[in-house]
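# Understanding the architecture of this molecule
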Amino acid sequence: MDRQTQIETIDKFLQEVVIRELGKAQQAELSYMHFVLMGQAIEVLGSFLDSKPVKAKGQSAKRFSMAVNGLFGGRYRLLNDNHMLYDKLRNQMTHTFIPSADLLLLNRQDASGKYRHLEYADGKLVLVGEIFYADICAACARLSRLLKEGKVKAKNIAFEEYER
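Report follows, based on the coordinates. (Residues numbered from 1 in each chain as written. Predicted model: local features only at pLDDT ≥ 70, side-chain atom pairs only at ≥ 80, totals over all residues. Heavy atoms only, no water.)

Our focus in this paragraph is unusual backbone geometry. Among all residues except glycine, the phi angle is most often negative; among peptide bonds, the trans geometry is most common. Unlike most non-glycine residues, Glu29 shows phi in positive territory, near 55°. With respect to the helices and strands, Glu29 occurs in the loop between α1 (3–27) and α2 (33–46). Judged by its relative accessible area of 38%, Glu29 falls in the partly exposed class. Located in the positive-phi region is Asp122, a residue other than glycine, with phi close to 55°. Secondary-structure assignment places Asp122 in the loop between β2 (120–121) and β3 (124–128). (Helix = DSSP H or I, 4+ residues; strand = E, 2+ residues; numbered from the N terminus. Buried < 20%, exposed > 50% of the residue type's maximum accessible area, 1.4 Å probe, protein only.)

By the element assignment, Met84 lies in helix α5 (residues 84–96). For Met84 and Lys148, which are 64 residues apart along the polypeptide, the C-alpha to C-alpha distance reads 31 Å. Not counting the four nearest positions on each side in its chain, Met84 is found in contact with Leu79, Leu89, Tyr120 and Leu125. (Contact = heavy atoms within 4.5 Å.)

Bringing the nonpolar core into the picture now. Ranked by size, the top nonpolar core spans 44 residues in total, and within it Leu45 and Ile136 carry the most contacts. Of all the elements in the fold, those that place two or more residues in this core are α1, α2, α3 (60–72), α4 (74–79), α5, β1 (103–106), β3 and α6 (129–148). Per-element accounting of this core gives the leading share, nine residues, to α6. If sequence neighbours within four positions are ignored, Ile136 has contacts with Val18, Leu22, Met38, Ala41, Leu45 and Phe72. (Core = buried A, V, L, I, M, F, W, Y, C linked by side-chain atoms within 4.5 Å.)

Purely geometric numbers; function is a separate question.
Next up, the structure:
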């Protein structure tokens, strides 16, 4: 597969699977499952940043961190120091569907302002689904731009569009 086709396929995957499917979960206002999916999505985005095949085994923590550092940055990077976000969000939610006692998961921004995304309240890190989803969409756009600029090498992925 030539580079341009690889980039187009990855873009379609990002739009159809990561952005569109996560958007559906966000709109459904699921309590936990969209956070499971968003934690996994970060790892998936990181799989495009290393030199290994997308399906390489044993890369979870590295890829999560690569995505946080390379595509999200800012407060996400600070909070993932010592793999905290990976352990508390991605790992625990993926393997148990139970949020860490250190996290407070909210679907929408708190109108009172007490609970703010990526800030601590009552000893818990607050994650707000609608903001987290928007940040994942922005990370997808960054990845797409880096691929098109040749700053990230495109990979072959087994993805084909399908009718919904």
